[in-house]
Amino acid sequence: MNLEDSKLKYNNGVFSHSNFSFSFPENFYFKLYDDSGFQSNVLSFCSEDKKIHLEIEIGYCEETLDEYFEELFSNDERKKLSDFITVKRGNGKACGTYYVFKDNSTPTYEEVYYFKKNKYGENVVRVAVYLWNGNKKINKTIFEAVEIPEVKAFLNGFKYY
């Protein structure tokens, strides 16, 4: 697998990959970090007040979508806040859900889209919106956060194919 060779092409304000495209979110800061412990590449953004975080993770997963979500909720680390939802963006469909960690921290919306393994060895993209501000209270729910115009535009700007 050559994740280090994975590339995004930028054209007319849109970043394209082999099986999806997106635009950077407005009024968010781009964060770079090395996630070398995993077989994935991560793009991360945070709001100016550092309370709302957006992530795009591109990688390889041997599990099926059902197995991925089953494992995500298998050890009581996370508590679902919603049923699973089908999200259509472009020609593809992702599976999404809302959850919090067991201590009610880090409210998260996550959607996962599987695609045919590409030349970089990738077959999945995970998009997440989460609230985090250390131990300080955030006066917003994750359901409200995904409706903020910049966040909603970011999510709706995704196209899966």
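Residues numbered from 1 in each chain as written. Predicted model: local features only at pLDDT ≥ 70, side-chain atom pairs only at ≥ 80, totals over all residues. Heavy atoms only, no water.

Draft legend 1. Spotlight on the overall build of the protein. When its secondary structure is counted, the protein shows three helices and twelve strands. For 161 residues, the compact-globule estimate of 2.2 N^0.38 gives 15 Å, and the C-alpha radius of gyration of the protein, at 15 Å, lies within 12% of that figure. Counting only C-alpha atoms, the protein reaches 45 × 35 × 30 Å along its principal axes. Out of the 161 residues belonging to the protein, those deemed buried represent 47%. When contacts within the protein are restricted to residue pairs at least 6 apart in sequence, those whose partners lie at least 24 apart make up 50%. Placing the 21 positive and 25 negative side-chain charges of the protein at their respective mean positions leaves the two points 5 Å apart. (Helix = DSSP H or I, 4+ residues; strand = E, 2+ residues; numbered from the N terminus. Rg over C-alpha atoms; globule rule 2.2 N^0.38 Å. Buried < 20%, exposed > 50% of the residue type's maximum accessible area, 1.4 Å probe, protein only. Contact = heavy atoms within 4.5 Å. Lys, Arg positive; Asp, Glu negative; His and termini not counted. Charge placed at Lys NZ, Arg CZ, Asp CG, Glu CD.)

Draft legend 2. Layout of the sheet that holds strand β2 (residues 14-16). Pairing in this open sheet of four strands is antiparallel, and the strands run β1-β2-β3-β12 from one edge to the other. The sheet is open, and its two edges are formed by β1 (9-11) and β12 (159-160), each paired on a single side. Where strand β3 (residues 20-22) lies against β12, two bridges are found, and the strand directions are antiparallel. Each residue of the ladder has a partner; that of Phe-20, found in β12, is Tyr-160. (Pairing = 2+ DSSP bridges.)

Draft legend 3. Expanded view of the packing of aromatic side chains. Enumeration according to the criterion identifies 23 aromatic pairs in this entry. Every member of this aromatic cluster is reached through a ring pair, and the members are Tyr-10, Phe-15, Phe-20, Phe-22, Phe-24, Phe-30, Phe-45, Tyr-113, Phe-115, Phe-154, Phe-158 and Tyr-160. (Phe/Tyr/Trp six-rings, centres within 6.5 Å; stacked < 30°, edge-to-face > 60°.)

Draft legend 4. Summary view of the nonpolar core. Among the nonpolar cores identified, the biggest contains 30 residues, and Ile-56, Val-125 and Val-129 are the most heavily contacted of them. Of all the elements in the fold, those that place two or more residues in this core are β3, β5 (40-47), β6 (52-59), β9 (92-101), β10 (108-114), β11 (124-131), α2 (142-145) and α3 (149-156). Other than its neighbours up to four places away in sequence, Ile-56 contacts Phe-22, Asn-41, Val-42, Leu-43, Phe-45, Val-125, Arg-126, Phe-154 and Phe-158. If you look at the next biggest cluster of nonpolar residues, it comprises nine residues, including Phe-69, Leu-72, Cys-95 and Val-112. (Core = buried A, V, L, I, M, F, W, Y, C linked by side-chain atoms within 4.5 Å.)

Draft legend 5. Representation of the environment of Phe-15 in the model. Counting through the fold element by element, Phe-15 comes out in strand β2. The class of Phe-15 is buried, set by a relative accessible area of 17%. Here Phe-15 is in contact with Leu-8, Lys-9, Tyr-10, Phe-20, Ser-21, Phe-22 and Phe-24, once residues within four sequence places are set aside.

Draft legend 6. Representation of unusual backbone geometry within the structure. The phi dihedral of Asn-12 is positive, around 50°, even though this residue is not glycine. Residue class for Asn-12 comes out exposed when judged on its relative accessible area of 73%. The phi dihedral of Thr-106 is positive, around 50°, even though this residue is not glycine. When you line up the elements, Thr-106 lands in the loop between β9 and β10. In this structure Thr-106 comes out as buried when scored by relative accessible area, which is 16%.

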